[in-house]
Amino acid sequence: MLRFLLRAAGLVALLPVGLGAATASQRSFGINYDKDYFLKDGKPFRYISGSIHYSRVPRYYWKDRLLKMKMAGLDAIQTYVPWNYHEFKPGVYNFSGDRDIEYFLQLANEIGLLVILRAGPYICAEWDMGGLPAWLLEKESIVLRSSDLDYLSAVERWMGVLLPKMKPYLYQNGGPVIMVQVENEYGSYFACDYDYLRYLQKLFHHHLGDEVVLFTTDGASKHYLRCGALQGLYATVDFAPGGNVTAAFLTQRGSEPRGPLVNSEFYTGWLDHWGHPHSVVPTNTIAKTLDEILARGANVNMYMFIGGTNFAYWNGANMPYASQPTSYDYDAPLSEAGDLTDKYFALREVIGRYNHLPEGPIPPTTPKYAYGRVTMEKLGTVAELLDDLSPSGPIRSTYPLTFVQLQQYFGFVLYRTTFPKNCSEPTPLFSPLNGVHDRAYVSVDGVPQGVLERGKSNMINITGKAGANLDVLVENMGRVNYGRYNNDFKLLNHERTLPFIP
Ligand SMILES: *[C@@H]1O[C@H](CO)[C@@H](O)[C@H](O)[C@H]1NC(C)=O
Ligand SMILES: *[C@@H]1O[C@H](CO)[C@@H](O)[C@H](O)[C@H]1NC(C)=O
Ligand SMILES: *[C@@H]1O[C@H](CO)[C@@H](O)[C@H](O)[C@H]1NC(C)=O
Ligand SMILES: *[C@@H]1O[C@H](CO)[C@@H](O)[C@H](O)[C@H]1NC(C)=O
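Report follows, based on the coordinates. (Residues numbered from 1 in each chain as written. Chains lettered and ligands numbered in written order. Predicted model: local features only at pLDDT ≥ 70, side-chain atom pairs only at ≥ 80, totals over all residues. Heavy atoms only, no water.)

Notes on the site of ligand 2
Our working rule: Being near a molecule or strand, for a residue, comes down to having at least one heavy atom within 4 Å of it. Any pair of nitrogen or oxygen atoms within 3.5 Å is treated as a polar contact; in protein, a donor-acceptor pairing is required on top of that, and neighbouring residues in sequence qualify only through side-chain atoms on both sides.
Near ligand 2 the following residues occur: Asn244, Ala247 and Leu250. Here an oxygen atom of ligand 2 and a side-chain polar atom of Asn244 are 2.3 Å apart.

Some remarks on the site of ligand 3
This is how the line gets drawn: Residue burial considers only the protein chains on display, and all accessible areas are found by Shrake-Rupley using a 1.4 Å probe.
Within the structure, ligand 3 sits among Asn422, Lys465 and Ala466. Asn422 places a polar side-chain atom, nitrogen or oxygen, 2.3 Å from an oxygen atom of ligand 3. Starting from 370 Å² of accessible surface for ligand 3 in isolation, the protein chains cover 28%.

Some details on the packing of helix H5 (residues 149–166) against helix H6 (residues 194–208)
So the rule is basically this: Fitting a line to C-alpha atoms yields each axis, with helices limited to the stretch in contact; the angle taken between N-to-C directions then spans 0 to 180 degrees. Helix and strand definitions follow DSSP, with helices as H or I runs of at least four residues and strands as E runs of at least two, each counted in order from the N terminus. Each angle is binned into one of four classes, with values under 35 degrees roughly parallel, values over 145 roughly antiparallel, values of 65 to 115 roughly perpendicular, and all other values oblique. Helix crossings fall into two classes, left-handed where the near helix is turned counterclockwise from the far one by less than a right angle and right-handed where it is turned clockwise. In what follows, residue pairs with any heavy atoms lying within 4.5 Å of each other are defined as contacts. Nonpolar residues are Ala, Val, Leu, Ile, Met, Phe, Trp, Tyr, Cys and Pro. Charged residues are Asp, Glu, Lys and Arg, and all others, Gly as well, are polar.
Remark: H5 packs on H6, axes separated minimally by 9 Å, with the N-to-C direction vectors making an angle of 30°. Relative to H6, H5 is oriented roughly parallel. Of the two elements, H5 crosses H6, and the hand of that crossing is right-handed. Within the contact between the two elements, H5 uses Tyr151, Leu152, Val155, Glu156, Met159, Gly160, Leu163, Pro164 and Met166 and H6 uses Tyr196, Tyr199, Leu200, Leu203, Phe204, His207 and Leu208. Within the contact of H5 with H6, the residues separate by chemical class into 13 nonpolar, 2 polar and 1 charged.

Brief notes about the environment of Ile395
Positionally, Ile395 belongs in the loop between helix H11 (386–389) and strand S16 (412–418). Separated by 295 residues in sequence, Ile395 and Asp100 place their C-alpha atoms 35 Å apart. Ignoring anything within four residues of it in the chain, the contact list for Ile395 reads Leu401 and Leu406.

Quick look at the sheet that holds strand S3 (residues 43–45)
Using the following cut-off: Each pair of strands is called paired provided DSSP finds at least two bridges between the two strands.
If you trace the 3 strands from one edge of the open sheet to the other, you get S1-S2-S3, paired in antiparallel fashion. Either end of the sheet is taken by a strand with one partner, and the two such strands are strand S1 (29–32) and S3. Going across the sheet, the axis of each strand differs from the next one's by a mean of 45°, ignoring polarity. Looking at chain direction, strand S2 (residues 37–40) and S3 are connected through 3 bridges and run antiparallel. Bridge pairing in S3 places Lys40 opposite Lys43.

Some thoughts on the sheet that holds strand S19 (residues 447–453)
Sheet architecture is open: 4 strands sit in the order S16-S21-S18-S19, paired in antiparallel fashion. Only two strands of the sheet have a single partner each, and these edge strands are S16 and S19. Here the average twist between neighbouring strands, direction ignored, is 20°. With 7 bridges joining them, S16 and strand S21 (residues 469–475) adopt antiparallel strand pairing.

Thoughts on the packing of aromatic side chains
Test applied: To pair, rings of Phe, Tyr and Trp, with the six-membered ring standing in for Trp, must have centres within 6.5 Å; the planes then decide the type, stacked if under 30 degrees apart, edge-to-face if over 60, and tilted in the middle. The cut-offs for exposure are 20% and 50% of the maximum accessible area for each residue type, with area from a 1.4 Å probe on protein chains only; residues under the lower value are buried, those over the upper are exposed, and the others partly exposed. By definition, being over a ring means that NZ of Lys or CZ of Arg is both within 6 Å of the ring centre and within 35 degrees of the ring normal.
Evaluation of the coordinates by the stated rule reveals 35 aromatic pairs. Here Tyr267 and Trp270 contribute two aromatic rings whose centre-to-centre distance is 5.1 Å and whose plane-to-plane angle is 90°, an arrangement assigned as edge-to-face. Given a relative accessible area of 39%, Trp270 falls into the partly exposed group. The positively charged end of Arg27 is found above the aromatic ring belonging to Tyr171, 3.9 Å away from the centroid. Over the face of the ring belonging to Phe45 we find Lys40, whose NZ or CZ atom lies 5.2 Å from the ring centre.

Focus on the packing of helix H2 (residues 59–71) against helix H4 (residues 101–111)
Remark: H2 packs on H4, axes separated minimally by 10 Å, with the N-to-C direction vectors making an angle of 30°. Relative to H4, the crossing made by H2 is right-handed. Contact residues: Arg59, Trp62, Lys63, Leu66, Leu67 and Lys70 in H2; Tyr103, Phe104, Leu107, Ala108 and Ile111 in H4. For the contact of H2 with H4, the per-class residue count stands at 8 nonpolar, no polar and 3 charged.

Focus on the environment of Ile293
Counting through the fold element by element, Ile293 comes out in helix H9 (residues 283–295). Separated by 48 residues in the primary sequence, Ile293 and Val245 place their C-alpha atoms 6.9 Å from one another. Contact partners of Ile293, with chain neighbours within four places excluded, come to Arg46, Phe239, Val245, Phe249, Asn263, Phe266, Ala298, Asn299 and Val300.

Looking at the pattern of salt bridges
The cut-off we apply is this: When a carboxyl oxygen of Asp or Glu lies within 4 Å of a side-chain nitrogen of Lys or Arg, that pair is called a salt bridge.
By the definition in use, this model includes 25 salt bridges. Among the charged side chains, a network of salt bridges with common partners joins Asp438, Arg454, Asp488 and Lys490.

Quick look at the pairing of S2
Inspection of the sheet shows S1 paired to S2 by 4 bridges, in the antiparallel sense. Note that in S2 the partner of Asn32 across the bridge is Tyr37. In textbook terms, the turn of a hairpin is the stretch between consecutive antiparallel strands, and for S1 and S2 this stretch comprises 4 residues, one of which, Asp36, has a positive phi near 60°.

Things to note about the nonpolar core
We apply this condition: Grouping buried Ala, Val, Leu, Ile, Met, Phe, Trp, Tyr and Cys residues that are joined through side-chain atoms within 4.5 Å yields what is termed a nonpolar core.
Counting 104 residues, the largest nonpolar core has Tyr151, Val180 and Phe204 as its most contacted members. In terms of residue count, the dominant contributor to this core is H5 (9 residues). Once residues within four sequence positions are removed from consideration, Tyr151 is found in contact with Trp83, Pro121, Leu132, Leu136, Ile142, Val143, Leu144, Arg145, Ser146, Glu183 and Tyr196. The next biggest cluster of nonpolar side chains, apart from the first, holds 18 residues, and it includes Phe403, Cys423, Val436 and Val474.

Dropping the structure here:
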């Protein structure tokens, strides 16, 4: 009915189905630079927001998590858009099921949460390659996150698909999206390419209109803001609890002398790496700093409000190489499973000092069941099951190919060669230049010999007869998501030579 009325009013092009604001033309969102606050519908506005990544929560649970966030007193949520999650192969897109970002935005809107959209192209996020698709590495010399022409043409194609989808969800068009972030923590990257940021700024305005509030986020230090901020993109900062809030916001003032104070990533916990204990950040430190931030009228986004899970192979890694585990719990106020925690109630209490807390019940923690013992049955070794695992058969090559050359972006690749001669004495098998990315299980005629691992073990001794099969099963443990080594090729070794057997 609403849709019909709007059509009659000639406004339908502005409003996707399900977005309910009949007065789209009166809705506005902007910045008041004289008074240092945001303007929503012409009135002063400050947001208290929390991060949730739709890619880390199954669609089935989106509504439950968003409701819990609403009930904590939040005005807004913040989410990243992982490019590689949607454009798995060049020009092949998926926006359905768990990837249905439009449905996610509609749910947020229905629940009464505004959205701060972090559209990339790069997002970091402890996500594989920081959200950049691995297939970008088909051009081996590509300079990611720069004015590299091949990089830009891929960005332009992707943004030409994503941003028109997002446009109807902008606040001024009747949707929940009040602000759109360009790139992410660009000041932490080595390239410092202002032309690239300018290019993105133009591209975003081209697709979203001139009215949209575009912003950047960088670490709260002069050093980061130098290359991360750009005239025309509102510069915000991120910083952790426990520090000097005044000093942190002073760094934002270095780039934005006037306008609202914004911490776009106020850390409620911290990320994990494999082999390290789960990160825990005490609630009282967070509650105290949150109170300080809110008391000075600043805007804040809590990163994460719910972390969720790195399903499949979507985790990233940091350098020196350390991959993140499947869990992205983050010690956030809502647990990985979406459960209410003491931290949730403590932060809700702080928020309640500044925002009206919604009436009504908070959705309860979901019941847990004991599923009993799970028994594992051995079906065979990788070598024995090759015909099932790789039905199209092997790819033959003189030199080992990278995962990207094989268009096998995730998981495992088995590299097989034969011994050129008898090695009856223990013979070293090297991984030159720390080149195994990331972990390799070595066997000879099916007999395990040892493991090579990036940054940990570059040499093992093997033995075998001339003609024996040398199998090196290489595991991609997640592409680096932060910093200069973002162009993380997965491969057997950097020199693309055969494993070295003297
Ligand atoms: C798209 O993504 C959804 C949700 O993750 C998945 O179920 C579906 O199989 C994908 N579609 C294609 C064509 O890959
Ligand atoms: C916090 O930083 C401000 C600005 O740099 C400074 O004036 C103040 O003394 C600092 N407070 C503390 C407790 O260090
Ligand atoms: C390898 O050793 C076997 C005996 O174990 C011998 O029969 C064979 O000729 C040797 N092959 C080469 C290439 O040296
Ligand atoms: C490899 O074998 C050589 C010669 O037997 C030995 O000196 C060396 O310690 C071994 N290295 C490893 C890593 O096992």
